[in-house]
Amino acid sequence: MSIKPSRILLINILMTAAFYVAGFVALGSSYPTIDSSGEQIVHWFSINELSARFYAWTAAFFSLGLAIFGGQISTLLPKPSRYIFLAGVLGFAITAQVQAWLWAGLALHPEGLEPAVARTIFGISSYWGPLVNGSTTAMAVAFLAIGPGTSVEVPRWLKSLSVIFFLEQAIETITVFGYSGFITPGGTMNVYLGGLIGFIWVAGVVRWAIPRIDLPA
């Protein structure tokens, strides 16, 4: 017996969210930030090697979930929105993978790391935050670009939610200029504020897609 696409969509997005949350829970609250010194970064990776690798492991399955999500939702969108959305999801997944493999690399032989080198590599990985916003804004634009004359109807509530998501993610790009505090790259604004609004938007997209994805093409 085949599984309905709507059920696959729901199970997949819940599992994807679970892997995302599990990765950050594994890191705990003491993980280094862009404010940390090279010595602090080396020390953290030395005593949290397994946590950093577990985080990278969850990123692999998070990326898989994003790919499935992107493939399913894109089939419901008209051209060119389906391609814009899929490109945004793919960019998001690739950024997550690159950031995670840098963390895993730092955790491989932390005892031999020079503090200056560790801080440079960690700084590179931190810029996933402002740069992934290019992908997430594309995902929102894919829904905003659907006009009233197309065969796909996007309700006003989802359009409004997409506007909020787009604006918040676009504003988040200012973290590329941050050095400390709320707007540090890969910091509170990117992870917590952007993450919360992103979760709400994805939930809205899934809610919109579920009654449509089982319909005949």
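Residues numbered from 1 in each chain as written. Predicted model: local features only at pLDDT ≥ 70, side-chain atom pairs only at ≥ 80, totals over all residues. Heavy atoms only, no water.

## Structural notes on the overall build of the protein
In terms of regular secondary structure, the protein is built from 8 helices and 0 strands. Ordered by position from N to C terminus, the α and β elements of the protein give α-α-α-α-α-α-α-α. What you see for the protein is a C-alpha radius of gyration of 19 Å, in line with the 17 Å of a compact globule of 217 residues. Taking the principal axes of its C-alpha atoms as reference, the protein extends roughly 60 × 45 × 25 Å. In the protein, which comprises 217 residues, the proportion classed as buried is 48%. (Helix = DSSP H or I, 4+ residues; strand = E, 2+ residues; numbered from the N terminus. Rg over C-alpha atoms; globule rule 2.2 N^0.38 Å. Buried < 20%, exposed > 50% of the residue type's maximum accessible area, 1.4 Å probe, protein only.)

## Notes on the pattern of salt bridges
For side chains of opposite charge, pairing can occur when their charged atoms come near one another. Under the counting rule described, the total for this entry stands at 1 salt bridge. Among the ionic pairs, Arg53 bridges to Glu49, the shortest N-O distance being 2.9 Å. With Arg53 and Glu49 both in helix H3 (residues 49-74) and 4 residues apart, the pair spans about one turn of that helix. (Salt bridge = Lys/Arg side-chain N within 4 Å of Asp/Glu carboxyl O.)

## Points about the packing of H3 against helix H8 (residues 188-213)
It is at 10 Å that the axes of H3 and H8 come closest, and there the two elements cross at 50 degrees. Judged by the angle between their axes, H3 and H8 are oblique. The two elements H3 and H8 cross, and the hand of that crossing is left-handed. Seen from H3, the contacting residues are Phe69, Gln72 and Ile73; seen from H8, they are Val202, Val205, Val206, Ala209 and Ile213. Class assignment of the residues belonging to the contact of H3 with H8 gives a composition of 7 nonpolar, 1 polar and no charged. (Axes fitted to C-alpha atoms, helices over the stretch in contact; angles between N-to-C directions. Parallel < 35°, antiparallel > 145°, perpendicular 65-115°, else oblique. Left-handed = near helix turned anticlockwise from the far one by under 90°. Contact = heavy atoms within 4.5 Å. Nonpolar A, V, L, I, M, F, W, Y, C, P; charged D, E, K, R; others polar.)

## Quick notes on the environment of Ile11
You can see Ile11 is positioned in helix H1 (residues 5-27). Among the residues examined, Ile11 registers a relative accessible area of 48% and is labelled partly exposed. Between the alpha carbons of Ile11 and Gly65 there is a distance of 9.8 Å; along the sequence they are 54 residues apart.

## Notes on the side chain of Thr136
Position of Thr136 relative to the elements: it lies in helix H6 (residues 128-144). Judged by relative accessible area, which is 4%, Thr136 ranks as buried. Here the side chain of Thr136 touches Asn133 through a polar contact of 3.2 Å, landing on its backbone oxygen. If sequence neighbours within four positions are ignored, Thr136 has contacts with Phe92, Phe165 and Gln169. (Polar contact = N/O pair within 3.5 Å; in protein donor to acceptor, adjacent residues only side chain to side chain.)

## Considering the side chain of Ser81
Examined against the element boundaries, Ser81 turns out to sit in helix H4 (residues 81-108). Judged by its relative accessible area of 2%, Ser81 is buried.

## Observations regarding the packing of helix H2 (residues 38-47) against helix H5 (residues 115-126)
Taken N-terminus to C-terminus, the directions of H2 and H5 make an angle of 80 degrees; their axes are 7 Å apart at the nearest point. Relative to H5, the element H2 is oriented roughly perpendicular. On H5, the residues that touch Gly38, Glu39, Ile41, Val42 and Phe45 of H2 are Pro115, Ala118, Arg119 and Phe122. The residue inventory of the contact of H2 with H5, partitioned by class, reads 6 nonpolar, 1 polar and 2 charged.

## Things to note about the packing of aromatic side chains
One pass over the structure, following the stated rule, counts 21 aromatic pairs. Pairing Phe143 with Trp201 gives two aromatic rings, centres 5.8 Å apart and planes at 90 degrees, and the pair type is edge-to-face. A residue pair is termed long-range when its members are at least 10 positions apart, and Phe143 in helix H6 and Trp201 in helix H8 qualify at 58 residues. The burial state of Phe143 is the same as that of Trp201; both residues are buried. Following the ring pairs from residue to residue traces out a cluster consisting of Tyr20, Phe24, Tyr31, Trp44, Phe45, Tyr55, Phe62, Phe92, Trp103, Phe122 and Phe199. (Phe/Tyr/Trp six-rings, centres within 6.5 Å; stacked < 30°, edge-to-face > 60°.)

These values are about where atoms sit, not about what they do.
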